[in-house]
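Coordinates in review
Single-letter residue listing:
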Amino acid sequence: MPAMLDCLIVGGGPAGLTAAMYLARFHLSIRVVDAGDGRAASIPCTRNHAGFPDGIGGTELLARMTAQAQKYGAAIDTGRVTRLAAIDGGFEAEWGCGPVEARTVLLATGVTNRRPPMDEALHDEALARGLIRYCPICDGYEVTDKRVGVIGDDSHGVAEAVFLRGYTADVTLVAPDTKQRKLDAQDWDRLEEFGIAAADGPVADVRLEDGAIVLVTAAGERRFDSVYPALGSDIHSGLARMLGVDLAPDGCIKVDAHQRASIAGVYAAGDVVKGLDQISHAMGEGGVAATTIRNDLARARPLLR
């Protein structure tokens, strides 16, 4: 078996790659394992990432970050870690290359947005064209004064619709399944207060037509310039569960101010940690986690050149 790594990073998104670049420049032995299905890669173009006033696509950003980490010696593998266990002096992980040991582990495994019920190819086309969007913080500016639909039937959907009301007066909350049964009186009051329309579901079909996205419901067709699914996310915290790391009620990994998880030697950063799901925020957490890992390792044994 190869020598024990200083750190194994699980996840090659903005958080994991930022940490990889930091740790490689700290002259530590590291490896990144990425399953290749992170959210950042699906971003057609982000225009609120500092330093890119004309925007940058997710795949290009990740390619640049990967090349930067590799420039300093970071090893990056494509694979999905299927087992992670504590061993004497660290941790052992398994994916396609067999077992790998590391003194520390950084979990940057992210989350997956729940999609509306529609054909996958059609969804991807709509996403690429800006007809489906998932982050109003990232791209609400792009729907200024346009017709916007929010697919949701709970307080989260109402909150997203209210947020988007700051960009356009034409916002409609559309139930994904049947009627808006999960909304309480306070939710309905907020919709009325902010002038947000509500449409019953279910969303039986979705089609793209003349630069618009059409939601077909039992109550009729609804035509929008962009639609935001507010259906929640699935947290990729399965490896943390394997280790027995403390999780928040929603499944996010609990960390301290320095990205340490509840088990010594385990750290987490990015969207798998509860916080603002933004590239810049994930990168910041990656930098904090990497610096903490370096300093924690140095306390165990001096890191001398």
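The structure presented is a predicted model; accordingly, all values stated were derived computationally and were not measured. (Residues numbered from 1 in each chain as written. Predicted model: local features only at pLDDT ≥ 70, side-chain atom pairs only at ≥ 80, totals over all residues. Heavy atoms only, no water.)

For the rest of this paragraph, the subject is the overall build of the protein chain. When helices and strands are tallied, the protein chain shows eight helices and 16 strands. Its C-alpha atoms give the protein chain a radius of gyration of 21 Å, within 12% of the compact-globule value 19 Å for 305 residues. Relative to its full complement of 305 residues, the protein chain shows a buried share of 46%. For the protein chain, contacts bridging at least 24 residues in sequence account for 59% of all contacts bridging at least 6. One way to put it: in the protein chain the 31 positive side-chain charges average out to a point 5 Å from where the 41 negative ones average out. (Helix = DSSP H or I, 4+ residues; strand = E, 2+ residues; numbered from the N terminus. Rg over C-alpha atoms; globule rule 2.2 N^0.38 Å. Buried < 20%, exposed > 50% of the residue type's maximum accessible area, 1.4 Å probe, protein only. Contact = heavy atoms within 4.5 Å. Lys, Arg positive; Asp, Glu negative; His and termini not counted. Charge placed at Lys NZ, Arg CZ, Asp CG, Glu CD.)

Take a negative patch on the surface next. On the surface, a cluster of negative charge is contributed by Asp184, Asp189, Glu192 and Glu193. You can call glutamate 193 exposed: its relative accessible area is 61%. (Patch = residues over 30% accessible without salt bridge, like charges linked within 9 Å, V, L, I, M, F, W, Y side chains within 5 Å. Areas by Shrake-Rupley, 256 points an atom, 1.4 Å probe, with all protein chains shown as cover. Salt bridge = Lys/Arg side-chain N within 4 Å of Asp/Glu carboxyl O.)

The next point concerns the state of the cysteines. One pass over the full model with this rule turns up one disulfide. Note that cysteine 135 is cross-linked by a disulfide to cysteine 138, the S-S spacing being 2.5 Å. Across the S-S bond of cysteine 135 and cysteine 138 the torsion is about 70°, and the bridge reads as right-handed. For cysteine 135, a relative accessible area of 18% translates into the label buried. Given a relative accessible area of 22%, cysteine 138 falls into the partly exposed group. Free of any disulfide, cysteine 252 has its nearest cysteine sulfur in cysteine 135, 15 Å distant. Residue classification places cysteine 252 among the buried residues on the basis of a relative accessible area of 4%. (Disulfide = S-S within 2.5 Å.)

Turning our eyes to something else, we now look at the pairing of strand 6 (residues 98–107). For strand 6, the tally of buried residues reaches seven of 10 residues, placing the bulk of the element in the interior. Of the strand pairs in this sheet, strand 5 (residues 90–95) and strand 6 are connected by five bridges, and their pairing is antiparallel. Note that in strand 6 the partner of tryptophan 95 across the bridge is glycine 98. Between the end of strand 5 and the start of strand 6, which pair antiparallel, lie two residues. (Pairing = 2+ DSSP bridges.)

What follows is about the sheet that holds strand 11 (residues 203–209). With antiparallel pairing, the three strands of this open sheet are ordered in space as 11-12-13. Strands at the two margins of the open sheet, each flanked by one partner only, are strand 11 and strand 13 (220–224). If you compare each strand with its neighbour and ignore which way they point, the axes differ by 20° on average. Judged from the five bridges that link them, strand 12 (residues 212–217) and strand 13 form a sheet pairing that is antiparallel. Paired with valine 216 across the strands is glutamate 221, a residue of strand 13. (Axes fitted to C-alpha atoms, helices over the stretch in contact; angles between N-to-C directions.)

Now for the pattern of salt bridges. As enumerated under the stated definition, the model contains 21 salt bridges in all. Residue arginine 299 pairs with aspartate 296 through a salt bridge whose shortest N-O separation is 2.4 Å. With arginine 299 and aspartate 296 both in helix 8 (residues 279–300) and three residues apart, this pair spans about one turn of that helix. Residue class for aspartate 296 comes out buried when judged on its relative accessible area of 16%.

On to the nonpolar core, then. Counting residues in hydrophobic clusters, the biggest one holds 23 residues, and the most contacted among them are Leu8, Leu84, Leu107 and Ile253. Elements with a minimum of two residues in this core: strand 1 (5–10), strand 5, strand 6, helix 7 (238–243) and strand 16 (266–268). Of all the elements, strand 6 adds the most residues to this core, at four residues. When residues no more than four places from it in sequence are discounted, the contact partners of isoleucine 253 are Leu107, Ser237, Ala240, Val245, Asp246, Leu247, Ala261, Ala268, Val272, Val273 and Lys274. Of all hydrophobic cores here, the second largest spans 22 residues; its members include Ala15, Ala19, Ala69 and Tyr267. (Core = buried A, V, L, I, M, F, W, Y, C linked by side-chain atoms within 4.5 Å.)

The omega torsion across glycine 201 and proline 202 is 0°, close enough to zero to call that bond cis. Of note, the phi angle at histidine 27 is positive, near 65°, even though the residue is not glycine. Structurally, the position occupied by histidine 27 is in the loop between helix 1 (14–25) and strand 2 (30–34). For histidine 27, a relative accessible area of 56% corresponds to the exposed category. Positive phi values are uncommon outside glycine, yet glutamine 259 reaches one of about 75°. Among the structural elements, glutamine 259 can be located in the loop between helix 7 and strand 16.

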